[in-house]
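# Residue-level structure breakdown
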Amino acid sequence: MATRAVLQTFERYQKERVAFVTTVAEMAKNPQNIEALQQAGAMALLRPLLLDNVPSIQQSAALALGRLANYSDDLAEAVVQNEILPQLVYSLSEQNRFYKQAAAFCLRAVAKHSPELAQAVIDSGSLDSLVTCLEEFDPGVKEAAAWTLGYIAGHNAELAQQVVDAGAVPLLVLCVQEPELSLKRIAASALSDIAKHTPELAQAVVDAGAVAYLAPMVINQDAKLKRQVCCSLSQIAKHSVDLAEVVVGAEIFPKILTCLKFPDEYVKKHAATVMREIVKHTPELAQLVVGNGGVASLVDYVSESSGNNRLPGIMALGYIAAFSETLALSVIAEKALPPLVQAINEETEDHLKSATAWTLGQIGRHTPDHAKAVSDTGVLTTLVSLEGDTASSEDLKTKCRRALKSIIGKLTHLPALDALVHRNLPEGVMKMVLEQVGKVLANDPSGRAQFVHSGGLAAVQQMAEAPGSKLREAVEIINSCYPEEIVKYYSPSYSQQLLEKLDTMATTQSAY
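Summarised in this report is the structure supplied together with it. This one's a predicted model, so the numbers in the text were calculated from it and none came from an experiment.

### Concerning the overall build of the chain
- Looking only at helices and strands, one finds 34 helices and zero strands in the chain.
- Principal-axis analysis of the C-alpha atoms gives the chain an extent of 150 × 50 × 35 Å.
- Counting all 512 residues of the chain, 50% fall into the buried class.
- Put simply, of all contacts in the chain between residues at least 6 apart along the chain, 70% involve residues at least 24 apart.
- On the chain, roughly 23,500 Å² of surface is accessible, and the fraction owed to carbon and sulfur atoms is 52%.

### Considerations on helix H6 (residues 85-92)
- Of all eight residues in H6, six are buried; the element is thus mostly enclosed.
- Turning to H6, its buried residues are Leu85, Gln87, Leu88, Val89, Ser91 and Leu92.
- Buried residues along H6 sit against helix H4 (55-71), helix H5 (73-81), helix H7 (97-111), helix H8 (115-123) and helix H9 (126-133).

### Observations concerning helix H16 (residues 223-237)
- When the terminal C-alpha atoms of H16 are compared, their 21 Å separation across 15 residues agrees well with the 21 Å that a helix rising 1.5 Å per residue should span.
- Structurally, H16 contributes buried residues whose contacts are with helix H13 (181-195), helix H14 (199-207), helix H15 (210-214), helix H17 (241-249) and helix H18 (265-279).

### Some words on the pattern of salt bridges
- Counting across every chain of the model gives 18 salt bridges.
- Two residues, Arg276 and Glu277, come together in a salt bridge whose shortest N-O distance is 2.9 Å.
- For Arg276, a relative accessible area of 17% corresponds to the buried category.
- By relative accessible area, which is 8% here, Glu277 ends up buried.

### A short note on the side chain of Ser392
- By the secondary structure assignment, Ser392 is in the loop between helix H26 (379-388) and helix H27 (394-408).
- Polar contacts involving the side chain of Ser392 include one to the main-chain carbonyl oxygen of Leu386, which spans 2.8 Å.
- With residues up to four places along the chain from it excluded, the contact list for Ser392 reads Asp350, Leu386 and Lys397.

### A few points about unusual backbone geometry
- With omega at 0°, the peptide bond leading from Phe253 into Pro254 counts as cis.
- Inspection of the secondary structure assignment puts Pro254 in the loop between H17 and H18.
- The backbone of Lys335 shows a phi angle near 60°, a positive value even though the residue is not glycine.
- Here Lys335 lies in the loop between helix H22 (325-333) and helix H23 (337-346).
- In this structure Lys335 comes out as exposed when scored by relative accessible area, which is 60%.

### With respect to the environment of Lys372
- As for its position among the elements, Lys372 is in helix H25 (residues 368-375).
- Considering only alpha carbons, one finds Lys372 and His413, 41 residues apart in sequence, at a separation of 6.5 Å.
- Setting aside residues no more than four positions away along its own chain, Lys372 makes contact with Leu411 and His413.

### Some points on the nonpolar core
- Within the largest apolar cluster, 179 residues are counted, with the highest numbers of intra-cluster contacts made by Leu88, Ile152, Ile278, Val433, Leu434 and Phe451.
- Among all residues touching Ile152, those that are not within four sequence positions of it are Ala111, Ala118, Val121, Ile122, Leu127, Leu130, Leu159 and Val163.

### Some details on the packing of aromatic side chains
- Counted according to the given criterion, the structure contains one aromatic pair.
- An angle of 70° between the planes, with centres 5.2 Å apart, marks the rings of Tyr319 and Trp358 as edge-to-face. Linking Tyr319 in helix H21 (residues 311-323) with Trp358 in helix H24 (residues 350-364), this pair joins segments that are 39 residues apart in sequence.
- Under the relative-accessibility criterion, Trp358 is labelled partly exposed at 23%.
- If you follow Arg108 out to its NZ or CZ, it ends over the ring of Trp147, 3.9 Å from the centre.
- In this arrangement the basic side chain of Lys226 is found over the ring face of Phe262, its NZ or CZ atom lying 4.7 Å from the centre.

Cut-offs used in this document
- Residues numbered from 1 in each chain as written.
- Predicted model: local features only at pLDDT ≥ 70, side-chain atom pairs only at ≥ 80, totals over all residues.
- Heavy atoms only, no water.
- Helix = DSSP H or I, 4+ residues; strand = E, 2+ residues; numbered from the N terminus.
- Buried < 20%, exposed > 50% of the residue type's maximum accessible area, 1.4 Å probe, protein only.
- Contact = heavy atoms within 4.5 Å.
- Areas by Shrake-Rupley, 256 points an atom, 1.4 Å probe, with all protein chains shown as cover.
- Expected span 1.5 Å × (residues − 1).
- Salt bridge = Lys/Arg side-chain N within 4 Å of Asp/Glu carboxyl O.
- Polar contact = N/O pair within 3.5 Å; in protein donor to acceptor, adjacent residues only side chain to side chain.
- Core = buried A, V, L, I, M, F, W, Y, C linked by side-chain atoms within 4.5 Å.
- Phe/Tyr/Trp six-rings, centres within 6.5 Å; stacked < 30°, edge-to-face > 60°.
- Lys NZ or Arg CZ within 6 Å of the ring centre and 35° of its normal.

So this is what it looks like as structure tokens:
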């Protein structure tokens, strides 16, 4: 009888612990409860339960602490200060798979907030235990460990290097080969978080054979996996020519072009980013993308997307066009200019307008034909407006100014230049236009009469005579292409001179 009473007491104590820890874990799901739980001292009460002799209580305690730490960096800091991390790390190597998942979740919730907290997680000795978890049979444990390692590595190169030194990369590559989709996704994401920082870290990922297993998955139909695979490949390819060639060598073309037509917006964006990171390195890599039909796919993508999603497509076209007039011509031939003009007119963010202005400058800077193709779209007036707009950022103004200089410097199509002469342009831009008009008229006798008939010659004379004008020198060059009588005739002061002559004549006659 006495034994039963004792047992009942302990059973009731255990039930109450289970009820307490389960309820706290459930309450911690709701952000509204977090502050009240913190004030009630939940963390101090949960800590001893991590060492409870009932596994379900340990698991729920780790889960509750993870949810608290996940809420804010202050609570994550409290987990560190309460010396909870060493207990979690100890249990990672000792307990069952459910507890391991909960413990890894708690470590991840702490590590995600800042590099300092991630370093605290490493300092608690967690890396070796997390890497060991990647070798577990249970995919859920591998997933939780890979996720935590990805969060740690994502902060900076120093933390990522520590993850690499712990031997995580080869095991993450093995996880990518597992059949479970969610494990593939998280392992690919962790590899991306490691590779993104430096060429050396990306090389470590490549040396583990990751690209050979990631590349074939660009045709997988799972949207989340495609996102992570494309993201990983772009983070590897961005660092150097050699790394980009490794990605290309894995035969991602033309398979990755199908991703630009995939329904998921992020898949399309990441696929365009892969292409951008490849084409930016060398003319040969840009030519490879062009040869595989990449320009047409990028043009369609820029046409169909909007906002920040457009950015990698716009920049990829700019990088391709920058290398040579042939590559720039292939961009023009695939009708890239209309969607680029649409982007610079429609987008509201300055950085998107800047990227588009830069790309237009790269397309138009090669030859008079390239410059004319850009000019014919009417985008030069837009570039002028943005350059002179006080609301434009300094970067946007600079990009517009450089693009105008590149395009106008090659523009020999007189009607296009003439149209700009008649606009109210900033003095710096107008000087560029007039200097180019002077060069064109010097070599184009038939265009001189055309410039007179359009009113261009008269317009430039007015500019030269404006008070404080810095355009006089450029106007003198234009005037040197015409007989002195014509220049005088179109000068604003010419009519005044004629009237003065008439007055003089009248005075002379009256004197007789």
